[in-house]
Structure formats: structure tokens, C-alpha cells
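Coordinate analysis (summary)
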Amino acid sequence: MSPVSRPVSLPHPLLPAADWADRFTLGLPVENLTAREAARLALEHPPAWIRRLMMLRNALVRPLGLKGAAGKAAPTQTEIGGFPVLSADDDRVVLGFDDRHLNFRIVIDVRQDRPSGQTLSVMTLVHRNNLFGRLYLAAVLPFHKLIVRTMLAGIGKRVSRARKA
């Protein structure tokens with residue numbers, strides 16, 4: 001189970017001004033995973049190296065007055081993995097916020113479109129507000145892609161293990 005990159009059409013209704021986007025999908029051998037559960041699996045249980053990388057990122061951007069995801073947030077209805085929930089239902093969760101340098105959305109979709117399972121999709125939409133937003137995105141992009149792929153693969157492993165148990 002390896003995540004696959006998929007195209008995203010812009011403009012997108014969830015962030016009409018977005019000027020950058022990516023999307024990764026993964027087939028899952030389960031039929032009852034909700035988008036909120038998938039978001040929690042992805043964002044509240046990252047590998048240690050991702051937690052350390054996010055702590056470093058937050059420490060580096062804090063002096064610049066930029067927002068960051070909470071380090072270790074307790075699960076709530078209004079926040080997942082430190083990111084505000086903008087909307088949620090069983091099939092889709094939209095997380096994100098607007099900041100001085102960029103506005104972003106993390107969109108987690110779960111579709112019942114496989115004969116014996118679901119397709120999980122994680123899309124990131126970004127509107128870069130200024131030059132700093134462009135530079136910031138360029139700097140974090142290699143890490144972003146690796147993190148999203150790793151988190152999706154981790155969900156695949158967890159749900160596969162749970163199915164076998």
C-alpha cells in the first residue's frame with residue numbers, strides 16, 4: 001500500500017484563491033473508516049521524526065509571528081492534530097487556517113468506491129499571500145510531500161493490522 005499522487009484542479013471551492021495544491025490517495029481494505037477517524041490517525045499519531053520536525057518548524061517560525069499546529073493537542077470536536085476543524089462530516093474533514101504569509105486547507109476525504117474497501121485522499125490547498133509565503137512553501141515542500149506520504153502509509157498499515165486482528 002503506497003500513496004499515489006493525483007492532480008488537483010484549481011481554483012478549488014474550499015479555497016478559491018489557492019495557487020498551489022497537491023493530493024495523495026491510498027486504497028484501504030476497510031469499509032467503515034470516517035474522515036474524522038482518518039484525520040485523527042494521520043495527525044494525532046505521527047512518527048517521532050515528524051513530531052520532532054514539526055517542533056523544529058514551530059520553534060523557527062514563532063519569532064516571525066506565524067501560527068503553527070499545536071505540539072500535542074488533546075482531541076476535540078473543533079481541532080484535530082492541532083489544526084482547527086473548518087467543516088466535518090463522515091466523508092470529508094476540512095482543516096486549516098489563514099495566516100499572514102499563507103492560507104491553507106487540509107482536506108481529508110474517504111470514499112466508498114472500491115469493491116472491498118475505501119479510498120482515502122489527503123489534499124492540501126495553499127494560497128500564498130506574499131513573497132514570504134512563496135519562500136516558506138518552497139522551503140517546506142520536500143518535507144510536506146514526505147510527511148503526507150508517510151502519514152497515509154501509516155494509516156494503511158494501522159487499518160490493515162486492525163483488520164487482521
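Quick note: structure is the one above.
Let me begin by describing the structure that accompanies this report. Each chain has its residues counted from 1, running along the sequence as written. In keeping with the model being predicted, local features are shown solely for residues with a pLDDT of at least 70 and side-chain atom pairs are shown and tallied solely at 80 or more, while totals for entire chains, interfaces and linings include all residues. Think of the side-chain values as coming from all heavy atoms in the structure, minus any hydrogens and water.

**A few points about the pattern of salt bridges**
Quick note on the threshold: What counts as a salt bridge is simple: a side-chain nitrogen of Lys or Arg found within 4 Å of a carboxyl oxygen of Asp or Glu. Note on conventions: DSSP H or I runs of at least 4 residues are helices, E runs of at least 2 residues are strands, and numbering of each starts at the N terminus. Note on classification: 1.4 Å probe, protein chains only; a residue is buried when its accessible area is under 20% of the maximum for its type, exposed when over 50%, partly exposed between these limits.
Counting across every chain of the model gives 6 salt bridges. Notably, a salt bridge pairs D19 with R134, separated by 3.7 Å at the nearest N-O pair. Here D19 is found in the loop between β1 (4–6) and β2 (20–28), whereas its partner R134 is found in helix α3 (residues 131–164), with 115 residues between them in sequence. Classification of D19 as partly exposed rests on a relative accessible area of 27%. With relative accessibility at 42%, the residue R134 sits in the partly exposed group. What you see here is one network of salt bridges that share partners, running through D19, R128 and R134.

**Topic: the side chain of D22**
Going by this rule: For this count, His and the chain ends are skipped, Lys and Arg are scored as positive, and Asp and Glu as negative. The term polar contact refers here to a pair of N or O atoms within 3.5 Å; inside protein, the definition further demands a hydrogen-donor-capable atom paired with an acceptor-capable atom, and it admits residues adjacent in sequence only when both atoms are side-chain atoms. Contact between two residues is taken to exist if any of their heavy atoms lie within 4.5 Å; hydrogens are not considered.
Looking at where D22 falls in the secondary structure, it is placed in strand β2. No salt bridge is formed by the buried D22, whose closest oppositely charged neighbour, K145, lies at an N-O distance of 4.7 Å. At 2.9 Å, the side chain of D22 forms a polar contact with the side chain of H144. With residues near it in sequence (within four places) discarded, D22 still touches V8, V122, M123, T124, H144 and K145.

**So, the sheet that holds strand β3 (residues 79–80)**
For clarity, the cut-off: Should DSSP find at least two bridges between two strands, the strands are regarded as paired.
Across the sheet, 7 strands lie side by side as β1-β2-β7-β6-β5-β4-β3; this open sheet has antiparallel pairing. Edge positions in the sheet fall to β1 and β3, since each has one partner strand and no second. In the sheet, β3 pairs with strand β4 (residues 83–88) via 2 bridges, with the strands oriented antiparallel. Note on β4: the bridge partner recorded for I80 is F83.

**Section: the pairing of strand β5 (residues 92–98)**
The buried count for β5 comes to 5 of 7 residues, which makes it a mostly enclosed element. Pairing between β5 and strand β6 (residues 102–114): 7 bridges, direction antiparallel. Pairing of L95 across the sheet is with I106, part of β6.

**A word on the packing of aromatic side chains**
As a reminder, the rule being used: Aromatic pairing here means that ring centres of Phe, Tyr or Trp (its six-membered ring) are within 6.5 Å. Orientation follows from the plane angle: under 30 degrees is stacked, over 60 is edge-to-face, and everything else is tilted.
Tallied over the entire structure, the rule returns 2 aromatic pairs. Residues F83 and F104 carry aromatic rings whose centres are separated by 5.8 Å and whose planes lie at 85° to one another, so their mutual orientation is edge-to-face. Remark: F104 occurs in strand β6 and F83 occurs in strand β4; sequence separation between them is 21 residues. You can call F104 buried: its relative accessible area is 11%. On the basis of an interplanar angle of 75° and a centroid distance of 4.8 Å, the ring pair of F97 and F104 is categorised as edge-to-face. Take F97 and F104: they sit in the same class, and that class is buried. Three or more aromatic residues joined by ring pairs form one cluster here, namely F83, F97 and F104.

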